[in-house]
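Residue-level structure breakdown
Here is how the chains run, residue by residue.
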Amino acid sequence: MGHFRCSGQVLIWQENQQKVWLQPWSKNGLRCQSNLVGEPLQLPQALLESPHLPAVDVTIEIGESEAVIRSGLIQATVSRSGRIRYFNAQTGAVLFEERDNSAYYAPANRNFVPRNGRLYRLEAWFKAYEGERFFGLGQHQHGRLDQKGCVIDLHQRNTEVAIPFLVSNRRYGFLWNNPSVGRVELGNNATRWVAEGTQQLDYYVVAGESYADILEQYASVTGYAPPLPEWASGFWQCRLRYETQAELLEVAHEYQRRGLPLSVIVSDFFNWSHMGDWRFDPQAWPDPAAMVRELEALDVKLMVSVWPTVSPISENYETMRERGLLINSEHGLNVFQVFLDSGINGPAYLAYTDSTNPEARQFMWETIKQNYYAQGVRFWWLDSDEPDA
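The sections below set out a description of the structure shown in this document.

The rules behind these values
Residues numbered from 1 in each chain as written. Predicted model: local features only at pLDDT ≥ 70, side-chain atom pairs only at ≥ 80, totals over all residues. Heavy atoms only, no water. Helix = DSSP H or I, 4+ residues; strand = E, 2+ residues; numbered from the N terminus. Expected span 1.5 Å × (residues − 1). Buried < 20%, exposed > 50% of the residue type's maximum accessible area, 1.4 Å probe, protein only. Arc of directions from axis to C-beta. Contact = heavy atoms within 4.5 Å. Polar contact = N/O pair within 3.5 Å; in protein donor to acceptor, adjacent residues only side chain to side chain. Axes fitted to C-alpha atoms, helices over the stretch in contact; angles between N-to-C directions. Parallel < 35°, antiparallel > 145°, perpendicular 65-115°, else oblique.

1. Focus on helix α5 (residues 358–371)
Look at α5: 20 Å from first C-alpha to last across 14 residues, which is about the 20 Å you get at 1.5 Å a residue. Listed in full, the buried residues belonging to α5 are Ala360, Phe363, Met364, Thr367, Ile368 and Asn371. Viewed end-on, α5 has its buried residues packed into an arc of 125°, placing them on one side of the element. Turned more than 90 degrees from where α5 packs its buried face, Pro358 and Gln370 sit exposed. Lining the buried residues of α5 we find β21 (301–306), α4 (317–322) and β25 (379–382). The N-capping residue of α5, defined by a side-chain oxygen 2.9 Å from the backbone nitrogen of Glu359, is Asn357.

Here is the structure:
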């Protein structure tokens, strides 16, 4: 059995090497962290580092058999064995809870399995409830509003956008605050969250009277999106790709001829000569600055697709390789995507820009600034950055 203590507004449970920290996180919310190293790790994650603490009182009570922490509408109890349960502090209703697995052999509710590089494969198990419905988790192609019964990969893919936040009809929201590749299994016998490579458990739970309350608090702890400019709320035209400057302009003029409103037209992939050049191919796009001016006269914005891939025949490849600006595996390989590229007969084996390296980010921006921004292009997006692309 474990033991309890508190440090300020943080409730701490410990058994052997595993510690759990429960603390208030903005209004009606609690953050739960757990690891085997003795203190919370400051890892990349989605929660704002300095949330506004709740205006309501936070109370912690430590008893013989369990400890309780309350913050606004939410309350959590931790048993001596370490089982965590969450309640609506006003009504006493159970929101959700870890499984009661004391009566049978099963993996621990917080299961850390060692992997290489100080990482663990982490599983977090929770009880399933009859009639519970889950909403959220991003954009998926399965066509279901209620996610109950689904297995969702926490892995970005083309047209599969994983946002590890869900809202339950039991009036709580749950954020899996972990950047690891993993999955969530919303089964009828249990809910299981999995991180394939991480150093600690980290999640945020918030209670609310309504879905709007829950979403408001979620936004307050993760950050508010900036408002879209008015032009961005209009119609965007994009196709697989426009092969030439003339083709793109012809389409924009046809919208005007037919009296159809058009806000944005997108120049998608292979507007460049080679992957990683980050500039228009002069053979197909002879005067990008004039193209931008012509589109602006039609009140149309140009958006350009920018890929993080770098071909071995790109004019930037050798410079980036020599300066360590490309992603490498622990075995020294830098090939992470097999695709196509102009000038290569057959598959092209492409590297990725290392966006975690400030120097690589600066190099990429300076190249984009010189080749696109200087031509009048003000809008672009980073495409093909899914891990499995």
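2. Points about the packing of helix α2 (residues 245–257) against helix α3 (residues 288–297)
At a closest axis distance of 11 Å, the pairing of α2 and α3 adopts a crossing angle of 5°. Of the possible angle classes, the one that applies to α2 and α3 is roughly parallel. Across from Gln245, Leu248, Leu249, Ala252 and His253 in α2, the residues of α3 making contact are Pro288, Met291, Glu294 and Leu295.

3. Some details on the side chain of Gln18
The residue Gln18 is located in strand β3 (residues 18–24) in this model. Under the relative-accessibility criterion, Gln18 is labelled buried at 15%. At 3.2 Å, the side chain of Gln18 forms a polar contact with the side chain of Ser34. In this structure, Gln18 is in contact with Trp13, Ser34, Asn35, Leu36, Arg110 and Phe112, ignoring residues within four places of it in sequence.

4. Quick word on the environment of Cys150
Counting through the fold element by element, Cys150 comes out in the loop between β12 (134–139) and β13 (151–154). Judged by relative accessible area, Cys150 falls into the buried class, the value being 8%. Between the alpha carbons of Cys150 and Glu185 there is a distance of 6.3 Å; along the sequence they are 35 residues apart. Apart from the residues within four sequence positions on either side, Cys150 is in contact with His142, Arg144, Val184, Glu185 and Leu186.

5. Remarks on unusual backbone geometry
Located in the positive-phi region is Thr159, a residue other than glycine, with phi close to 70°. Tracing the backbone through its elements, the reader meets Thr159 in the loop between β13 and β14 (161–168). Positive phi values are uncommon outside glycine, yet Phe270 reaches one of about 60°. Mapped onto the secondary structure, Phe270 falls in the loop between β20 (264–267) and α3. Assessed through its relative accessible area of 13%, Phe270 is described here as buried.

On their own, these measurements won't tell you what the molecule is for.
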